[in-house]
Amino acid sequence: MITEDAERVLESHNLCDHCLGRLFAKLGKGTNEERGRAIRFVINMERSAKGLPPVDEPAECELCWNVFERIPELVERMREASEGFEFETFFVGSRFPEEIREREKAIWEEFGIETAEPINREFNRELGKAFGRVMGKDTAKNPDVVFIVEPFSGKVELQINPVYVYGRYRKLVRGIPQTPLPDFEDSVASIICRAFSRVSGGKCIFKGAGREDVDVRTLGNGRPFIVEMKRPKKRRFDLDVVAREINASGKVEVLGLRFVSPKEAGEVLTRNHRKEYLALVLVEEGVTPEEAEEVARKLTGLEIHQRTPWRVRNARADKVRVKKVHEAEARWIDERHFELRLVTDGGLYIKELVSGDRGRTRPSVSELLGKPAWCERLDVLNVLDH
């Protein structure tokens, strides 16, 4: 019987209604405080009928030290900690002294209680409900902010979860890197992040789905990217305004900005994208229209074995990557130039596909032509999602 078990506990331990009700948390409905109050009421009725004294709620609970009475004070401390930060959803966690958790487990074991829940679970729930009522906010599994509360010291730690935005960028000019480099005043990342940092009040981290060289433009539908705003003060802002500010740079243009979840942000960055390129090929020994077209024909559907290029060997693992050229078209320009439009697997180095990179890329345009060829100019036309 519940009342018999509860009475045995109360004969040995001075527990408040919260801690009494929590012993039977898995039974019935309502809060633990309501459950404890009801159990105590029935016990005292039965004891009164037997002429026994009541087991009233103690002035100080020996288990929780009346910690639940501190909830209004802790709500105010949470409000102060979160002041200046915009959020709609939150989650509450707590750190209880190990002494209390051990004493609680000892009571469960002493009386064979199997229907209890831990004190921190009830405390988090009740503190969360109280804070939500005061602030007009909701709890969530994937919240905007997380409060970690130390109930007895009153310390409140505020964790601000990042905001993620997806978009695609076009790099309209040559001569700027994707991410900041020495000797370059601007980069794609710095132009984009300045706008996001200004509106969010947080630190902006730029992550591109692949990258292009400093002297390569990215056009067409643009390269996918994610920006992560750490500790943002504002979580919801007008992305059209952000886009207009970035696009006014004349160097970088962004498309399709939208807020995304952390999971979707990760998927964007790990997805294997095909790329469409336009390369201007230089053949100093001369090239005919027929030779250019023959190179394109041979490249179509070809597997390329590409050892890490010589120019990036210190920054990339030295290994052979196998990539495929899915489409290739040639347009002859003059006796020394032709354009090569390519659709390839992501991660294929196009400049080295043209030159051969001292034999590190095979086959190459140079090898197929039978004479040296160089990539004089390169543009990313489109980044494809398949």
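First, a word on what this report is: a plain description of the structure on this page.

Cut-off values and rules
- Residues numbered from 1 in each chain as written.
- Predicted model: local features only at pLDDT ≥ 70, side-chain atom pairs only at ≥ 80, totals over all residues.
- Heavy atoms only, no water.
- Helix = DSSP H or I, 4+ residues; strand = E, 2+ residues; numbered from the N terminus.
- Rg over C-alpha atoms; globule rule 2.2 N^0.38 Å.
- Buried < 20%, exposed > 50% of the residue type's maximum accessible area, 1.4 Å probe, protein only.
- Contact = heavy atoms within 4.5 Å.
- Areas by Shrake-Rupley, 256 points an atom, 1.4 Å probe, with all protein chains shown as cover.
- Lys, Arg positive; Asp, Glu negative; His and termini not counted.
- Charge placed at Lys NZ, Arg CZ, Asp CG, Glu CD.
- Patch = residues over 30% accessible without salt bridge, like charges linked within 9 Å, V, L, I, M, F, W, Y side chains within 5 Å.
- Salt bridge = Lys/Arg side-chain N within 4 Å of Asp/Glu carboxyl O.
- Pairing = 2+ DSSP bridges.
- Axes fitted to C-alpha atoms, helices over the stretch in contact; angles between N-to-C directions.
- Arc of directions from axis to C-beta.
- Polar contact = N/O pair within 3.5 Å; in protein donor to acceptor, adjacent residues only side chain to side chain.

Observations regarding the overall build of the protein chain
The helix and strand inventory of the protein chain stands at 12 helices and 14 strands. In terms of overall dimensions, the protein chain is more spread out than a globule: its C-alpha atoms have a radius of gyration of 33 Å, far above the 21 Å expected for 386 residues. Along the first, second and third principal axes, the C-alpha atoms of the protein chain reach 115 × 40 × 30 Å. Counting every position in the protein chain, which comprises 386 residues, the buried fraction comes to 49%. Here the analysis covers contacts within the protein chain between residues at least 6 apart in sequence; of these, 73% occur between residues at least 24 apart. For the protein chain, the exposed surface amounts to about 19500 Å²; the carbon and sulfur share of it is 49%. Once the 66 positive and 67 negative side-chain charges of the protein chain are each reduced to a mean point, those two points are 4 Å apart.

Examining a nonpolar patch on the surface
A cluster of nonpolar side chains, F41, V42 and M45, forms an exposed patch at the surface whose accessible area comes to about 290 Å². Following the sequence through the fold, V42 ends up in helix α3 (residues 32-49).

Concerning the sheet that holds strand β2 (residues 138-139)
If you trace the four strands from one edge of the open sheet to the other, you get β2-β1-β3-β4, paired in mixed fashion. Looking at the sheet topology across the chains shown, the edges are occupied by β2 and β4 (156-160). Its contacts with the sheet place helix α4 (residues 71-81) against β1 (89-94), β3 (145-149) and β4, and it is angled at close to 40° to β4. With respect to the sheet, helix α6 (residues 119-135) is in contact with β1 and β3, its orientation differing from that of β1 by roughly 145°.

What about the pairing of β3?
The buried fraction of β3 is high, at five of five residues. Residues V145, F147 and V149 line one face of β3 and the alternating positions V146 and I148 line the opposite face, and both faces are buried. Alignment of β1 against β3, held across five bridges, turns out to be parallel. The residue of β3 that forms the bridge with F90 is V145. Where β3 and β4 come together, five bridges link them in antiparallel fashion. Pairing of I148 across the sheet is with E157, part of β4. Joining the antiparallel neighbours β3 and β4 is a turn of six residues, in which G154 adopts a positive phi near 80°.

Overview of helix α8 (residues 239-247)
All of the buried residues along α8 are L239, V242, A243 and I246. Down the axis of α8, the buried side of the element spans an arc of 100°, and every buried residue falls inside it. In this structure, α8 carries D240 and R244 as exposed residues pointing more than 90 degrees from its buried face. The inward-facing, buried residues of α8 abut β5 (163-171), α7 (188-200) and β8 (252-260). Capping the start of α8, D238 holds a side-chain oxygen 2.9 Å from the backbone nitrogen of D240, two or three residues further along.

Regarding the pattern of salt bridges
Within this structure, the stated rule accounts for 43 salt bridges. Residue E212 is joined to R223 by a salt bridge in which the shortest nitrogen-to-oxygen separation is 2.9 Å. Highlighted residues: E212 in the loop between β6 (203-208) and β7 (217-230) and R223 in strand β7, separated in sequence by 11 residues. The same class applies to E212 and to R223, which are both buried. D213 is paired through a salt bridge with R311; the nearest N and O atoms lie 3.1 Å apart.

By themselves these figures say nothing about function.
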